[in-house]
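# A look at the structure
If you want the building blocks of each chain, they are given just below.
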Amino acid sequence: MNSNVPTIRQISWISILPQLVVMGIFFIIWKLINVSDPFLSTLLTYLIISVSLRTLIPHDHRKGMSLVKQEKFAEAVEYFEKSYVFFFQHNWIDKYRFVTLLSSSRMCYKEMALANIAFCYGQIGDGVRSKEYYERTLKEYPENGIAKAGLNLLNSAINKKD
């Protein structure tokens, strides 16, 4: 699906190491079982598991992203809020997402949810709530560049009006 909405993907390259360990474990298992092509079996196992985990567990986040790509920002907010709550309640899944979700994302899902909520409010013209969520994002994740840029943009628009 092509979209005019910008999407940012930040990768934590160090997270590749635990994923390689997981792949190594799969390879050893397939080798011990005497599968004819353990390398191919490892790749297929990893692919099936990683796609399943990333589809099933962060389903609210994925639904929110789908709605953003369709420019249905007001509807997307609800799904990002649900995603935040889920990962807040199951913090260990988010914290160890490199293994639990086989995800290489630099930002955790809670951080992405807050920044996405702020972005959505900005897109529907609710600058006050957008600013609140960008500030909340920075309060919880002080190094979030997306929230810093969003706040700078909102503040420059406010200053221009003065």
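Here, the structure is the one placed above.
In this report, we go over the structure that sits alongside the text.

What counts, and where the lines are drawn
- Residues numbered from 1 in each chain as written.
- Predicted model: local features only at pLDDT ≥ 70, side-chain atom pairs only at ≥ 80, totals over all residues.
- Heavy atoms only, no water.
- Core = buried A, V, L, I, M, F, W, Y, C linked by side-chain atoms within 4.5 Å.
- Buried < 20%, exposed > 50% of the residue type's maximum accessible area, 1.4 Å probe, protein only.
- Helix = DSSP H or I, 4+ residues; strand = E, 2+ residues; numbered from the N terminus.
- Contact = heavy atoms within 4.5 Å.
- Axes fitted to C-alpha atoms, helices over the stretch in contact; angles between N-to-C directions.
- Parallel < 35°, antiparallel > 145°, perpendicular 65-115°, else oblique.
- Left-handed = near helix turned anticlockwise from the far one by under 90°.
- Nonpolar A, V, L, I, M, F, W, Y, C, P; charged D, E, K, R; others polar.
- Phe/Tyr/Trp six-rings, centres within 6.5 Å; stacked < 30°, edge-to-face > 60°.

### What about the nonpolar core?
Formed by 21 residues in total, the largest nonpolar core has its most connected members in V68, A76, F80, I117, C120 and Y133. Among the secondary structure elements, those contributing two or more residues to this core are α3 (59-69), α4 (73-89), α7 (109-123), α8 (127-140) and α9 (145-161). In terms of residue count, the dominant contributor to this core is α7 (six residues). Leaving out residues up to four positions away in the same chain, F80 has contacts with H61, G64, M65, V68, A113, N116, I117 and C120. Counting residues in hydrophobic clusters, the runner-up holds six residues, among them F87, I93, L101 and M112.

### As for the packing of α3 against α4
For the pair α3 and α4, the least separation of the axes is 8 Å and the interaxial angle reads 165°. Between α3 and α4, the angle is such that the two are roughly antiparallel. With respect to the hand of their crossing, α3 and α4 are arranged in left-handed fashion. Facing α3, whose interface residues are D60, H61, K63, G64, M65, L67 and V68, α4 presents F73, E75, A76, Y79, F80, K82 and S83. Residue composition of the contact of α3 with α4, grouped by class: seven nonpolar, three polar and four charged.

### Some thoughts on the packing of α3 against α7
It is the contact of α3 with α7, at a shortest axis distance of 11 Å, that shows an interaxial angle of 30°. Comparing their axes, α7 and α3 come out roughly parallel. For α3 against α7, the interelement crossing comes out left-handed. Residues H61, M65 and V68 of α3 lie in contact with α7, whose contacting residues are Y109, M112, N116, F119 and C120.

### Thoughts on the packing of aromatic side chains
Inspection of every chain in the model, using the stated rule, returns five aromatic pairs. The interplanar angle of 15° and the centroid separation of 4.7 Å between the aromatic rings of F87 and Y109 together place this pair among those described as stacked. Of this pair, F87 sits in helix α4 while Y109 sits in helix α7; the two residues are 22 residues apart in sequence, bridging distant segments of the chain. Under the relative-accessibility criterion, Y109 is labelled buried at 8%.

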